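Residues per chain are reported as follows:
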Amino acid sequence: MKVAVIVGSVRKDSFNRKLAEFVKKRYNNRFDMEILDLSVLPLYSQDIENNEPQEITDFKKSVKEADAVLWVTPEYNSTIPGVLGNAIDWLSRVDKVMIGKPSWIMGASMGNLGTVKAQMHLRDILFAPGLQSPVLIGNEVYVGAVHKKMDETGTITDEATVAFLDQVADNFEQWMKRFI
Ligand SMILES: Cc1cc2nc3c(=O)[nH]c(=O)nc-3n(C[C@H](O)[C@H](O)[C@H](O)COP(=O)(O)O)c2cc1C
């Protein structure tokens, strides 16, 4: 099963990027995950959406070819980061590659709430007419206090978090049987 992974942080040492890499590595026998780079995406403008830059064509192609999208995002100012909003705006227009494509959401933060509000908003956004993505519910992955649960290599050292991720990965795999 192909999964496009969209990380809402372009920071070099991003915890969310490390979480995405941990998930990709841990479940690589079950999911073929490609982590997409949002830092190369130009800003969305309606003026260029029908004559999009090559980076956008490549980005949309990766999403289109995936069976599902895994969103791994921090929370910025109580919502999703701008880089993620920009990527979503591109995906929501012209060929609308997200329509009908299942989504799975995770997030990590140093605070205790672990991106609750950002994920709440992201779920709502994914139901917009240009996106219409069915979202895995009841398996909400909020990795709070992430700096205490991960070592410097990005390995999650907190056993309860790893056990929960394993359970959620199983649930996601089961749920995906409805779609592929
Ligand atoms: C502009 C900005 C806004 C932030 N707003 C929030 C917020 O609303 N809630 C929160 O829990 N953390 C907030 N943070 C802290 C981020 O959760 C923290 O920087 C996190 O490590 C970012 O994810 P990353 O490590 O993947 O880059 C904010 C950070 C920045 C830079």
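Residues numbered from 1 in each chain as written. Predicted model: local features only at pLDDT ≥ 70, side-chain atom pairs only at ≥ 80, totals over all residues. Heavy atoms only, no water.

Defined as follows: UniProt positions are given in the numbering used here, feature names are shortened, and annotations may be inferred rather than shown by experiment.
As recorded in an unreviewed UniProt entry, the chain goes by the name NADPH-dependent FMN reductase, listed as coming from Planococcus notacanthi. For the chain, the Sequence similarities (unreviewed entry) comment in UniProt is given as "Belongs to the azoreductase type 2 family."

1. With respect to the packing of helix 1 (residues 15-26) against helix 5 (residues 159-176)
Stated precisely, the cut-off is as follows: Axis geometry follows a simple rule: fit a line to the C-alpha atoms, using only the stretch in contact for helices, then measure angles between N-to-C directions, giving values from 0 to 180 degrees. Numbered from the N terminus, helices here are DSSP runs of H or I no shorter than four residues, and strands are runs of E no shorter than two. Comment on the angle field: the value is read as roughly parallel under 35 degrees, roughly antiparallel over 145, roughly perpendicular from 65 to 115, and oblique elsewhere. What makes a crossing left-handed is the near helix being turned counterclockwise from the far one by less than a right angle; a clockwise turn instead makes it right-handed. Note on contacts: a residue pair qualifies if any of its non-hydrogen atoms lie within 4.5 Å across the two residues. For this classification, the nonpolar set comprises Ala, Val, Leu, Ile, Met, Phe, Trp, Tyr, Cys and Pro, the charged set comprises Asp, Glu, Lys and Arg, and every other residue, Gly included, is treated as polar.
Between helix 1 and helix 5, the least distance of the axes is 12 Å, while the angle of their chain directions is 60°. Judged by the angle between their axes, helix 1 and helix 5 are oblique. Note on packing geometry: the crossing formed by helix 1 with helix 5 is right-handed. Residues Leu19, Phe22 and Arg26 of helix 1 lie in contact with helix 5, whose contacting residues are Val162, Leu165 and Asp166. Split into classes, the residues belonging to the contact of helix 1 with helix 5 amount to 4 nonpolar, no polar and 2 charged.

2. Side note on the packing of aromatic side chains
Put simply, the rule is: Aromatic pairing here means that ring centres of Phe, Tyr or Trp (its six-membered ring) are within 6.5 Å. Orientation follows from the plane angle: under 30 degrees is stacked, over 60 is edge-to-face, and everything else is tilted. Under the scheme applied here, a residue whose accessible area is under 20% of the maximum for its type counts as buried, over 50% as exposed, and between as partly exposed, the area being computed with a 1.4 Å probe on protein chains only.
All chains considered together, the criterion is met by 7 aromatic pairs. Centroid distance phenylalanine 31 to tryptophan 104: 5.9 Å. Interplanar angle 70°. Geometry classified as edge-to-face. Residue phenylalanine 31 is located in the loop between helix 1 and strand 2 (32-36), and its partner tryptophan 104 is located in strand 4 (residues 103-108); the two are separated by 73 residues in the primary sequence. In this structure phenylalanine 31 comes out as buried when scored by relative accessible area, which is 2%. A residue is classified by how much of its surface remains accessible, and tryptophan 104, at 0% relative accessible area, is buried.

3. Here we look at the site of the ligand
Formally: When at least one non-hydrogen atom of a residue lies within 4 Å of a molecule or strand, that residue is treated as near it. N or O atoms closer than or at 3.5 Å make up a polar contact, with two conditions inside protein: a donor-capable atom paired with an acceptor-capable one, and, for residues adjacent in sequence, both atoms drawn from side chains. Surface exposure here means Shrake-Rupley accessible area, sampled with a 1.4 Å probe, where a residue is shielded only by the protein chains that are shown.
As a structural note, the neighbourhood of the ligand is formed by Ser9, Arg11, Ser14, Phe15, Asn16, Pro74, Glu75, Tyr76, Asn77, Ser78 and Ser109. At 2.7 Å, a side-chain N or O of serine 9 approaches an oxygen atom of the ligand. A distance of 2.7 Å separates an oxygen atom of the ligand from a polar side-chain atom of arginine 11. Considering the ligand on its own, with 620 Å² of exposed area, one finds that the protein chains cover 67% of that surface. Its residues assigned to classes, the shell around the ligand shows 3 nonpolar, 6 polar and 2 charged.

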